[in-house]
Amino acid sequence: MRLAYAASPNLILFASFIAQDLTTMTNSFFPPIRTLMGPGPSDVSPRVLGALGRPTIGHLDPLFVTLMDEIKGLLQYVFQTENALTLPVSAPGSAGMEACFVNLVSPGDTVIVCQNGVFGGRMKENVERCAATAIMVQDEWGQPVDPEKVREAFKSNPKASLLAFVHAETSTGTRSDAETLCAIARENGALSIVDTVTSLGGIELKVDDWGADAVYSGSQKCLSCVPGISPVTFSPRAVERIQNRTHKVQSWFLDMQLVMGYWGGDSKRAYHHTAPVNDLYALHESLVMLQEEGLESAFQRHRRNHEALVAGLEAMGLAMAVSPEWRLPQLNSVLIPEGIDDASVRSSLLNDFNLEIGAGLGALAGRTWRIGLMGYASNTANVIACLSALEAVLAGQGYSLPTGAGIDAARQQLAA
Ligand SMILES: *Cc1c(COP(=O)(O)O)cnc(C)c1O
């Protein structure tokens with residue numbers, strides 16, 4: 001009996017395997033090699049992909065614990081912080097966003113939320129799901145957050161305990177002045193929640209110098225790691241607020257008090273959830289690469305390639321959607337010329353050139369393309385490849401442009 005009982009699951013498995021073999025057996029999935037120049041994920045380097053394929057070990061293996069400590073140190077380096085509570089949340093950027101809100105917002109709180117694109121809208125959703133009130137500060141899509149409006153919002157809402165904003169708005173390609181906004185929060189006795197999903201590793205971000213309190217990012221933008229991990233960091237003030245909570249955090253998985261037991265300090269690690277072991281090998285490798293290059297050099301590389309791309313696009317008669325001062329070098333919003341079919345240009349780039357660029361979002365849907373030059377994808381070869389493919393596709397749609405002008409201008413800009 002016992003034998004039959006034990007054997008039956010195997011028999012069922014075997015039978016289903018045969019059935020699958022005869023009827024629905026699918027093949028392994030081999031994706032094409034694309035060039036990823038959209039809003040993320042960005043190109044992942046072979047070094048990072050190689051790290052991903054190393055042998056899986058246990059998530060409580062002493063060697064893995066050593067790796068976790070290294071990752072924490074590397075994240076402190078890229079965030080430019082000494083915050084002890086710095087770790088990678090085992091889920092995408094949206095989970096990092098949610099981790100900041102559910103831990104810092106309590107029911108009945110008032111939170112000032114800045115919106116100048118898609119992601120500010122998601123912050124509002126998060127606040128409301130924490131049973132708190134979101135006071136919205138709206139700016140045009142493609143414009144930075146206006147610090148004056150934020151000051152006004154604090155004046156009208158002196159009880160506001162948090163300010164939330166997006167440093168690098170990926171939906172529009174716009175940077176906001178995070179340093180000034182964090183300072184306004186402090187002056188008003190509030191903590192700041194800062195979305196740095198697209199800024200981390202691409203433009204200057206100084207968590208400690210700017211006094212940012214809860215900061216989240218993503219693995220797949222300027223870190224050029226695989227998607228699915230969200231680095232976060234909390235200031236001592238934010239940790240204090242978390243520890244003084246009277247309401248339980250509504251999310252068990254994202255409750256930092258519990259996560260700290262696994263990722264936290266010197267005491268022994270307690271099981272919370274199974275860390276995505278191989279993904280963390282990949283994150284570690286991508287952070288090591290960034291450290292080898294140096295943050296400043298990485299920022300300069302992003303700026304240089306961005307300037308070359310813009311020079312090329314403008315020489316082709318295209319116009320940028322964001323004013324120069326607030327442009328993100330890692331996410332370039334270009335206005336789609338009159339009479340050009342947005343979707344067919346993007347699908348031709350993808351199908352004929354294996355090149356992915358992004359569509360406009362929300363208020364800018366159908367009006368812009370978003371060309372990413374993020375992390376490993378921010379290189380000269382990609383700038384030239386993109387300009388040349390775009391020229392070919394636009395010419396095919398009857399858009400008149402001087403042959404080779406884009407590449408020429410980019411080349412000159414790079415030589416300058
Ligand atoms: C991509 C992005 C997110 C969401 O990250 P996911 O990894 O897709 O969940 C949040 N904020 C900004 C600014 C982003 O660009």
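Residues numbered from 1 in each chain as written. Predicted model: local features only at pLDDT ≥ 70, side-chain atom pairs only at ≥ 80, totals over all residues. Heavy atoms only, no water.

K.L.:
Mind laying out a negative patch on the surface, listing which residues take part and the relevant values?
P.N.:
A cluster of acidic residues, E82, E179, D208 and D209, forms a negative patch on the protein surface. Inspection of the secondary structure puts D208 in helix α8 (residues 207–210). With relative accessibility at 34%, the residue D208 sits in the partly exposed group. (Patch = residues over 30% accessible without salt bridge, like charges linked within 9 Å, V, L, I, M, F, W, Y side chains within 5 Å. Areas by Shrake-Rupley, 256 points an atom, 1.4 Å probe, with all protein chains shown as cover. Salt bridge = Lys/Arg side-chain N within 4 Å of Asp/Glu carboxyl O. Lys, Arg positive; Asp, Glu negative; His and termini not counted. Charge placed at Lys NZ, Arg CZ, Asp CG, Glu CD. Helix = DSSP H or I, 4+ residues; strand = E, 2+ residues; numbered from the N terminus. Buried < 20%, exposed > 50% of the residue type's maximum accessible area, 1.4 Å probe, protein only.)

K.L.:
Break down the layout of surface pockets for me, citing the residues and quoting the values.
P.N.:
Space inside the largest pocket adds up to approximately 420 Å³. Looking at the largest pocket, it is lined by 20 residues, and the ones nearest its centre are R175, I203, E204, R303 and P329. Contributing elements (two or more residues each) for the lining of the largest pocket: α7 (178–187) and α12 (295–315). For the lining of the largest pocket, the element with the most residues is α12, which contributes six residues. (1 Å grid on protein atoms, 1.4 Å probe; cavity = no way out; pocket = protein on both sides within 12 Å on 5 of 7 lines; lining within 4 Å. Points joined across faces, edges and corners; volume = space filled by probe spheres on them.)

K.L.:
Give a detailed account of helix α15 (residues 405–415), specifying residues and quantitative values.
P.N.:
Here α15 has its buried residues at A405, G406, A409, A410 and L414. End-on view of α15: buried residues confined to an arc of 165°, all on one side of the axis. Contacts from the buried residues of α15 go to α12 and α14 (380–396). (Arc of directions from axis to C-beta. Contact = heavy atoms within 4.5 Å.)

K.L.:
An account of the UniProt feature "modified residue: N6-(pyridoxal phosphate)lysine" (unreviewed entry) in the protein chain is needed here, citing residue identities and associated values.
P.N.:
Taken from the UniProt record, the annotation "modified residue: N6-(pyridoxal phosphate)lysine" (unreviewed entry) applies to K221. Its place among the elements puts K221 in the loop between β9 (214–216) and β10 (230–234). Non-local contacts of K221, meaning those with residues more than four positions away in its chain, are made with P39, S42, T170, V197, T198, M374 and G375. (UniProt positions renumbered as here; feature names shortened; annotations may be inferred.)

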